[in-house]
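Overview (structure and organization)
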Amino acid sequence: MEASYESESESESEAGPGTQRPGTGTVSAAVREHLRKLCLREFPCGAGSWNKSRFLPQTWRTWRELVPREEVVVSPGEETVEALLGLVRSRHSPWALLNNSNAEDSFLRELAIRNPLTITDTFFYSYFRSLRVVDQEVTLVDKDLLKFLKLEELVLSANRIKEVDATNLPPTLKVLELYGNEISSMECLCARPPASLQHLGLGCNKLLGPLESLYVTANHWPNLISLDLGFNNLTDLQSMVTSLRTLRHLRLLVLQGNPLALVPYYRGLAIDSLAQLCVLDDITVSPNEKHLFRGLSLNGDLLAQEAQCVVTIGNIRGVLDTSVLDPEPGPEGPFITYNYYVTYDFVKDEEGEMNESAGVLAEIVKPSPSLELLVEESPEEVVEDVIEDIVEEVTEGVEGSLESEVEESGESELSVISGPSTILQTPRASAEELAKLRLRIDPRLCPSPGTVLFSTAHKPWAEVIPCSYEMQHSLRDLVPLKAFLLAGTTVTIVEEKILSWPVVLPAVDSPLSAKKGKGEKDKKGKEKDRTGKGEKEPAKEWKVPKKKKEPPKELRQDPPILQVLGRGLVILEPLLAGEPLVSTVCNFGVVRTLTSDRLTLARDSKKIKKVAKKEKPKAVIPIYEGDYHPEPLTVEVQIQLNQCRSAEEALRMFAV
């Protein structure tokens, strides 16, 4: 039998704003408040004018006659038992129970109608075997709980309890649940724990430190069958399983959600150490698992406490081809190139990884004096003129006005980030310089606090851009890793635009120029001698085929202009809940437009005609507005938490 209580939102709405929430403080106060709301001594329950004829004065009645009896005919102004029961059972009655009430509440109200004289404090203390005080902001387990003589189950989840005085717990308790509180150590429970306790639930608290394993031994919990310590901050797996081995009756164990459960050999070591265990983290322990991990506990001290996460980034799709909006470069430039890449943040750990990531960030935020120049060279008017020229030169027969479409599909504000030249080697920025430069860059390109930034290789535009990226992160500091998995990682698709200009070399007088002129005269003389008559050979035999105009080989590059095309959060919490893999396709919506796709199609068809001059060109299917369904901007992301499948694999990979 149990009594449960309403949630926080319902209690606040009932009490009204500005009033103190009922049940705040002690467990017994919450119980009394709940019983008061049941109105067990008020109409239609209890004894009163609505049923007074059923009860005679107690002064001249024997104890047998104190039992209420139903009259065949009730006096005017009174109600029958059936009528009163109908008032509390009907959902449309003003005396109906609240929606969150349970069967016990209904039983008590009907008992208060049938036999109201039994509703006394003594009855309550001997009646309740289960109490559920959930989400009532309880902070103290008071000594009034000892009055419940038959209490076997006590649920105090989702409150604000920081410590529990074990001397106030009834010795008859078999189930104690304290999920979602603020308990930082189990030491308070071990002062005088209930000897007959069979289930202890301490999940989603703040248990932290290697000493917590000292409080889960048979000295404190000799009859414990089920233990839930999930989603705390326990880190020492070897000490924990050593202590749990003393609990001879333990059959169900939950440790997932703790940092110690992130190491690849966690499940195998727990299964081999606790031979009597039947269920681990809500998954039945199979005989095959026991066989595969046999003997692992004998070498548990030799295993490195390290977690391994593998990040894989696949294809990028649906990227807008911005190059079709740029003008053809002249002899003096600029020559524009575009690259695309994906960044993600990951938790800090070892110094080597931090230095590597700091280098990635340094390349992104390197300062440049031409910051303002890049902004001034890209006004909207210039872009519109360039688009008109491209349309006239490349596309034929494209209907409609392109200016309005380009304006609708115009790029968002460019994040102009200065970066190092790709030709000259530049020293990496120090941590202090990076901290100062963070204020100058797009915050979306900075890692979250406590993380570092990682980037895929820069790739040119394509319909499908293959990143082919895979990185293994090895982490020994497990507590920050758990916090990172709870927060998730941010994935960003970045477009990098680089403007290159010919290098103008200063004029220098050199004797080579004179030699060059002499060489040309000698060359002409040789040509006359080849004919034998002092005449040139036909030009067609010695004519050098024209080469395609190439941009100058020596170029100087402006700092890259970075633009965030898409950015989103990848949820990693399933990795804490026992899932080995999180695989998702981040969808950032459609960024391509009908205008850009028409320009891309026209450019590609022109290239095909140039390559296959002798062959019959393939027909180019035009794009019509009614049938236009562009592909959204997406990127494939996969994050895997490595897990060992056998004792042999664990020893091979993690033996110190």
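Each remark here, short or long, concerns the structure printed above.
Quick summary incoming for the structure in this document. Predicted, not measured: the structure shown is a model, and the values here were computed from it. (Residues numbered from 1 in each chain as written. Predicted model: local features only at pLDDT ≥ 70, side-chain atom pairs only at ≥ 80, totals over all residues. Heavy atoms only, no water.)

1. Structural notes on the pairing of strand 21 (residues 634-641)
- Inspection of the sheet shows strand 12 (residues 307-317) paired to strand 21 by seven bridges, in the antiparallel sense. From the neighbouring strand, valine 311 faces strand 21, where its bridge partner is isoleucine 639.
- Sheet topology places strand 20 (residues 581-587) next to strand 21; seven bridges connect them, and they run antiparallel. Within strand 21, the residue paired with cysteine 586 across the bridge is valine 635. (Pairing = 2+ DSSP bridges. Helix = DSSP H or I, 4+ residues; strand = E, 2+ residues; numbered from the N terminus.)

2. Quick word on the sheet that holds strand 20
- The strand order 16-12-21-20 describes an open sheet built from four strands, whose pairing is antiparallel. Every other strand in the sheet has two partners, leaving strand 16 (464-475) and strand 20 as the edge strands with one partner each. Sheet twist, expressed as the average angle between the axes of neighbouring strands with direction ignored, equals 10°. (Axes fitted to C-alpha atoms, helices over the stretch in contact; angles between N-to-C directions.)

3. Some points on helix 6 (residues 237-244)
- When helix 6 is considered as a whole, its buried residues turn out to be Leu237, Met240, Val241, Ser243 and Leu244. Down the axis, helix 6 shows its buried residues gathered within 160° of arc, on one side only.
- Where helix 6 is buried, its residues contact strand 8 (226-228), strand 9 (252-254) and helix 7 (266-273).
- The N-cap residue of helix 6 is aspartate 236: its side-chain oxygen and the backbone nitrogen of glutamine 238 are 3.5 Å apart. (Buried < 20%, exposed > 50% of the residue type's maximum accessible area, 1.4 Å probe, protein only. Arc of directions from axis to C-beta. Contact = heavy atoms within 4.5 Å. Polar contact = N/O pair within 3.5 Å; in protein donor to acceptor, adjacent residues only side chain to side chain.)

4. Examining empty space enclosed by the protein
- Taken as a whole and assessed by the stated rule, the structure comprises four cavities of 30 Å³ or more.
- Taken together, Thr343, Asp345, Arg444, Cys446, Pro447, Ser448, Leu453, Thr490, Thr492 and Arg567 make up the full set of residues lining the second largest cavity.
- When contributions to the lining of the second largest cavity are tallied by element, the ones reaching two or more residues are strand 13 (335-347) and strand 17 (489-502).
- Of the residues that constitute the lining of the second largest cavity, the class distribution is three nonpolar, four polar and three charged. (1 Å grid on protein atoms, 1.4 Å probe; cavity = no way out; pocket = protein on both sides within 12 Å on 5 of 7 lines; lining within 4 Å. Points joined across faces, edges and corners; volume = space filled by probe spheres on them. Nonpolar A, V, L, I, M, F, W, Y, C, P; charged D, E, K, R; others polar.)

5. Here's the deal with the pattern of salt bridges
- Applying the stated criterion across every chain yields a total of 10 salt bridges.
- Between arginine 36 and glutamate 33 there is a salt bridge, and its shortest N-O distance comes to 2.5 Å. Of this pair, arginine 36 and glutamate 33 both sit in helix 2 (residues 27-38), separated by three residues, roughly a single helical turn.
- Overall, the relative accessible area of 52% leaves arginine 36 in the exposed class.
- Judged by relative accessible area, which is 18%, glutamate 33 ranks as buried.
- Salt-bridge contacts for arginine 132 lead to glutamate 153; the nearest nitrogen and oxygen are separated by 4.0 Å. Note that arginine 132 is positioned in strand 3 (residues 130-132) and glutamate 153 in strand 5 (residues 153-155), a separation of 21 residues in sequence.
- Given a relative accessible area of 27%, arginine 132 falls into the partly exposed group. (Salt bridge = Lys/Arg side-chain N within 4 Å of Asp/Glu carboxyl O.)

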